[in-house]
Amino acid sequence: MTPALHPAIAEEEALLARVHAALVSRKSRRSNRVSSDELRELRDEAVEVRAEDASGLLHELALKQRLRNLPDRFRENEVSADSPYLGHLRIRDGNEVRDYLLGHATFIDDGIRLVDWRVAPVAQIFYRYREGDSFEESFPGRDVSGVVELRRVVVIHRGVLVQILGDDFALWRGPDGSWTSEDRAVFAMSPGGAGSAARPGMLGVGIGEREARTDVTALLDAEQFRAISTPPEEPLLVLGSAGSGKTTVALHRLARLTAKDPARYPVARSRVVVPEEGLARLSARLLQPIGGGPAQVRTMDSAFVALANHVFGKLPPLCMEPPALVSSLKRHPALYDALRKRLGGKRDEDGAPSLHREPEASNRKEAPSREARAEESGPAPAGPISLFALRRRLATLFTDRTFLGGVVAASGGTLPIPAIEDTVQHTMKQLAATLDRQLASITDDERKQAIDGRNLAEGTPDELAGSIDVEELPLLLAILAWRGALRLPEVSHLVLDEAEDFSLFDLEALAGLVRRTGRVTLAGDEAQQTHASFAGWERSLATLGVAGASTCRLPVSYRCPRPIAEVAREILGHLAPQAPARASRDGAPVGRFAFPDEAQAWLFLSGALRDLVEREPRASVAVIAHDAATARRFHGLVEEIASARLVADGRFTFEPGLDVTDVDCVKGLEFDYVVVPDATAAAWPETDDGRRRLHVAVTRASHQLWLVSPGTASARLP
Ligand SMILES: Nc1ncnc2c1ncn2[C@@H]1O[C@H](COP(=O)(O)OP(=O)(O)OP(=O)(O)O)[C@@H](O)[C@H]1O
């Protein structure tokens with residue numbers, strides 16, 4: 001502990017004590033709030049008492065009246081005594097010195113100025129300047145200038161000050177209450193970076209020992225804050241490599257603009273759409289403390305089911321997991337172009353039956369009036385488009401080998417030829433009469449059940465009869481949009497995270513939510529696309545209706561320490577961006593282990609994991625396999641570890657412990673430790689897709705990565 005830093009600790013502890021005292025005093029004044037009856041009694045008394053007693057009573061009356069009228073904003077935005085603020089700023093303006101505390105709520109009392117980072121103009125100074133910098137800023141109605149005398153990030157956990165990060169030092173309190181100092185560079189992101197001298201052969205760098213993490217709101221860098229402060233009416237695309245803070249920026253932007261102008265941008269009418277369940281859960285958790293809790297966070301599937309319900313009413317049964325190639329074809333830009341040519345015009349061009357029917361016969365829930373439609377999107381079609389007719393037209397195309405062959409040919413090799421036959425066969429099964437219809441002549445219901453009580457169709461190809469693929473919903477909505485017939489309720493702001501995974505159909509449909517406003521934030525990284533659906537940023541933005549969106553590229557990779565960032569880059573090979581993001585810190589070397597077969601590899605690994613969760617029960621550990629079946633098999637080996645969870649559907653709890661999962665579930669997520677248990681050439685092939693998927697898996701680690709290869713190691717591994 002550097003003795004020169006003692007005054008910083010004393011100063012911050014004294015400040016926290018003052019804040020706590022002010023909070024207690026505010027609370028007791030509030031609990032003294034008086035009812036109207038009490039006030040009336042006091043007033044009556046004041047009229048009746050003798051003159052010499054009246055002044056005391058009147059004073060009490062005035063005080064109680066004032067307490068009663070405390071503004072509501074203090075009631076809504078409670079400052080928590082457990083963690084009242086996250087930053088401390090001192091500025092000098094001439095002879096005047098002022099201290100500000102930065103938090104998630106406003107509290108101005110007893111000489112304490114605690115301001116909400118989202119709305120307080122002074123927050124700009126905190127994010128844009130460092131200690132010793134002179135500043136000049138324009139705040140609404142005035143210009144301010146001065147010098148930043150002090151700028152510290154603080155972590156207060158359960159009411160106790162546990163970390164102070166100055167611009168060039170880091171201090172933290174150990175469990176015994178003693179303080180330790182470090183150079184700030186070692187401490188760039190979160191406590192686990194310390195102890196990075198771990199040997200590569202040992203899993204564990206001490207991350208689990210500390211409980212409190214620095215609030216990322218206090219750590220935002222100037223670039224990130226600039227992106228967050230983009231005017232709310234401007235669409236914004238946030239790019240950056242894995243872990244550069246894209247999600248952080250997108251969600252903070254949403255929280256800030258909805259807090260600054262809640263009437264125009266009501267948070268409850270804002271929407272966040274992400275590809276997978278895990279990221280949806282994480283986004284909802286991240287939004288909570290920054291004031292974005294009421295925003296609607298949806299996975300793509302659930303968002304499109306809701307929108308299709310709104311437009312078409314009741315939907316047929318949905319096939320949630322169509323064969324992989326069918327799904328790739330239905331999300332591909334080549335299909336978008338081919339369908340747009342066939343079905344995109346206001347009139348059917350190929351003499352096929354009309355897709356429209358008269359409004360009376362429609363199953364649309366809220367058919368807009370013709371006048372409304374004409375006003376919003378030019379000439380109205382003959383009537384709302386019928387879901388039934390639309391599906392029939394699509395099914396005709398999805399069983400037309402010549403049409404599908406054209407799509408595959410136009411895909412530039414990104415769709416394989418078997419996608420044609422897979423799509424035809426799958427569509428035929430969906431077109432078949434449902435088993436219920438085939439068995440309509442059997443009247444005894446019991447005879448229509450299997451002996452285990454399940455429906456006869458369950459688990460058989462008959463199950464598909466009458467269903468439509470969930471991927472087809474955006475496609476149906478996009479066709480309506482092309483024909484000027486898509487009417488969706490507008491949202492106040494739309495965030496699309498992992499935007500490289502949104503197909504053109506998805507974007508065309510979602511454009512309906514922001515058609516007139518363009519109020520969107522997209523966050524993405526082309527190196528992380530895990531489907532062949534990405535059509536490039538330019539086309540994606542144009543399809544969403546925000547072709548001129550501002551773009552920012554975040555330059556620092558915060559999540560992964562340097563050794564992991566380097567391995568990730570080598571895995572990407574020619575797909576890596578020209579200018580690599582700067583890794584924010586060093587860390588433990590990546591562990592590489594090769595074994596002749598799975599039995600040995602996994603035996604070794606399960607022992608190492610058992611040790612790790614015992615040693616660091618507070619750490620988050622993920623075993624990320626290339627597919628769900630491998631994850632399930634590996635889980636079988638560790639299931640007796642109390643904190644081991646198999647996560648196949650993205651339902652992460654974000655509790656400490658061991659999650660065994662697969663790469664499709666983890667996009668956008670982060671774990672202290674990541675282990676890839678099947679780092680082999682077979683599991684992660686040498687294709688662009690294979691590289692990107694392995695890259696996604698390894699970049700989930702914020703402290704240490706292990707790659708375990710049973711059999712031939714992936715050639716992609718350095
Ligand atoms: N300025 C910052 N200082 C320190 N940590 C930061 C900063 N910005 C973001 N982080 C942290 O870096 C990690 C990665 O952030 P985030 O998930 O937003 O990145 P991302 O670019 O969306 O990643 P991915 O591409 O994997 O989805 C998080 O732990 C976040 O809290």
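Conventions used here
- Residues numbered from 1 in each chain as written.
- Predicted model: local features only at pLDDT ≥ 70, side-chain atom pairs only at ≥ 80, totals over all residues.
- Helix = DSSP H or I, 4+ residues; strand = E, 2+ residues; numbered from the N terminus.
- Buried ≥ 20, exposed ≤ 12 C-beta atoms within 10 Å, placed from the backbone.
- Contact = placed C-beta atoms within 7 Å.
- pLDDT = per-residue confidence, 0-100.
- Pairing = 2+ DSSP bridges.
- Axes fitted to C-alpha atoms, helices over the stretch in contact; angles between N-to-C directions.
- Core = buried A, V, L, I, M, F, W, Y, C linked by C-beta atoms within 7 Å.
- Parallel < 35°, antiparallel > 145°, perpendicular 65-115°, else oblique.
- Left-handed = near helix turned anticlockwise from the far one by under 90°.
- Near = placed C-beta within 6 Å.
- Nonpolar A, V, L, I, M, F, W, Y, C, P; charged D, E, K, R; others polar.
- Domains from an automatic or database assignment.
- Expected span 1.5 Å × (residues − 1).
- Arc of directions from axis to C-beta.
- UniProt positions renumbered as here; feature names shortened; annotations may be inferred.

With that settled, consider the overall build of the chain. Along the backbone of the chain there are 24 helices and 25 strands. Counting across all 718 residues of the chain, residues that qualify as buried make up 43%. The contacts in the chain between residues at least 6 apart in sequence include a share of 74% that link residues at least 24 apart.

This next bit is on the confidence of the model for the chain. Detail in the predicted coordinates should be disregarded across regions flagged by low pLDDT. Taken as a whole, the chain shows an average pLDDT of 83; of its residues, 79% reach a score of 70 or greater. Segment residues 70–76 is flagged for pLDDT under 50; beyond a separation of four residues in sequence, or across chains, it makes two contacts in the model. Overall, residues 349–353 carries pLDDT values under 50, and its contacts beyond four positions in sequence, including any with other chains, amount to three contacts. With pTM at 0.82, the complex prediction returns an ipTM value of 0.99.

Glancing now at the sheet that holds strand E15 (residues 494–496). Strand pairing in a sheet is mediated by backbone hydrogen bonds. Such pairs are either parallel or antiparallel. Strand order in the open sheet formed by six strands is E12-E11-E15-E16-E10-E17, and the pairing between neighbours is parallel. Two strands close off the open sheet at either side, each with one partner strand: strand E12 (296–299) and strand E17 (550–554). Taken pair by pair, the neighbouring strands of this sheet meet at an average axis angle of 15 degrees, ignoring direction. Here strand E10 (residues 236–240) pairs with E17 via five bridges, running parallel. The partner of Leu 237 across the bridge, within E17, is Thr 551.

Turning our eyes to something else, we now look at the nonpolar core. Grouped together as the largest cluster of nonpolar side chains are 138 residues, with contacts concentrated most on Leu 477, Val 674 and Val 698. The contact partners of Val 698, leaving out residues within four places of it in the chain, are Ile 564, Val 567, Ala 568, Ile 571, Val 674, Val 676 and Leu 705. Core analysis: the second largest hydrophobic core is formed by 36 residues, Leu 86, Tyr 100, Ala 123 and Leu 220 among them.

Read across the sheet, six strands follow the order E20-E25-E24-E21-E23-E22 without closing on themselves; strand pairing throughout is parallel. Bordering the open sheet on either side are strand E20 (591–595) and strand E22 (644–646), each of which pairs with just one other strand. Averaged over neighbouring strand pairs, the angle between their axes works out to 20 degrees when direction is ignored. Relative to strand E23 (residues 657–662), E22 runs parallel, the two being bridged by three bridges. Looking at E23, one finds that Ala 644 is bridged to Leu 658. Against the sheet, helix H24 (residues 688–698) contacts strand E21 (620–625), strand E24 (671–676) and strand E25 (701–710), and its axis sits at roughly 140 degrees relative to E24.

Two numbers describe how helix H8 (residues 246–260) lies on helix H9 (residues 277–287): the axes approach to 10 Å, and their chain directions differ by 50 degrees. Overall, the two elements H8 and H9 adopt an arrangement that is oblique. Remark: the crossing between H8 and H9 carries right-handed chirality. Residues Thr 247, Leu 251 and Ala 255 of H8 pack against Ser 283, Leu 286 and Leu 287 of H9.

This part covers the site of the ligand. Near the ligand, the surroundings consist of 21 residues, among which Gly 245, Lys 246, Thr 247, Thr 248 and Tyr 558 are the closest. Elements represented by at least two residues in the shell around the ligand include exactly helix H6 (216–219) and H8. Sorting elements by how many residues they give to the shell around the ligand places H8 first, with three residues. Residue composition of the shell around the ligand, grouped by class: six nonpolar, ten polar and five charged. Looking at which domains feed residues into the shell around the ligand, each of domain 1 (234–308 + 483–555) and domain 3 (562–710) supplies at least three.

Our next topic: helix H10 (residues 300–312). When the terminal C-alpha atoms of H10 are compared, their 18 Å separation across 13 residues agrees well with the 18 Å that a helix rising 1.5 Å per residue should span. Of all the positions in H10, only Met 300, Ala 303, Phe 304, Leu 307, Ala 308, Val 311 and Phe 312 are classed as buried. Buried residues of H10 fall within an arc of 135 degrees about the axis and therefore sit on the same side. Contacts from the buried residues of H10 go to strand E11 (271–274), E12, helix H14 (387–398), helix H18 (472–482) and helix H19 (504–510).

Glancing now at the UniProt feature "binding site: ATP" (unreviewed entry) in the chain. The sites that carry the UniProt feature "binding site: ATP" (unreviewed entry) are, in the present numbering, Gly 240, Ser 241, Ala 242, Gly 243, Ser 244, Gly 245, Lys 246 and Thr 247. The residue Gly 243 is located in the loop between E10 and H8 in this model. In this structure Gly 243 touches Ser 557, Tyr 558, Arg 559, Cys 560 and Thr 699, once residues within four positions along its chain are discounted. Within the secondary structure, Thr 247 sits in helix H8. Apart from residues no more than four positions distant in its own chain, Thr 247 is found in contact with Ser 283, Asp 497, Ala 523 and Gly 668.

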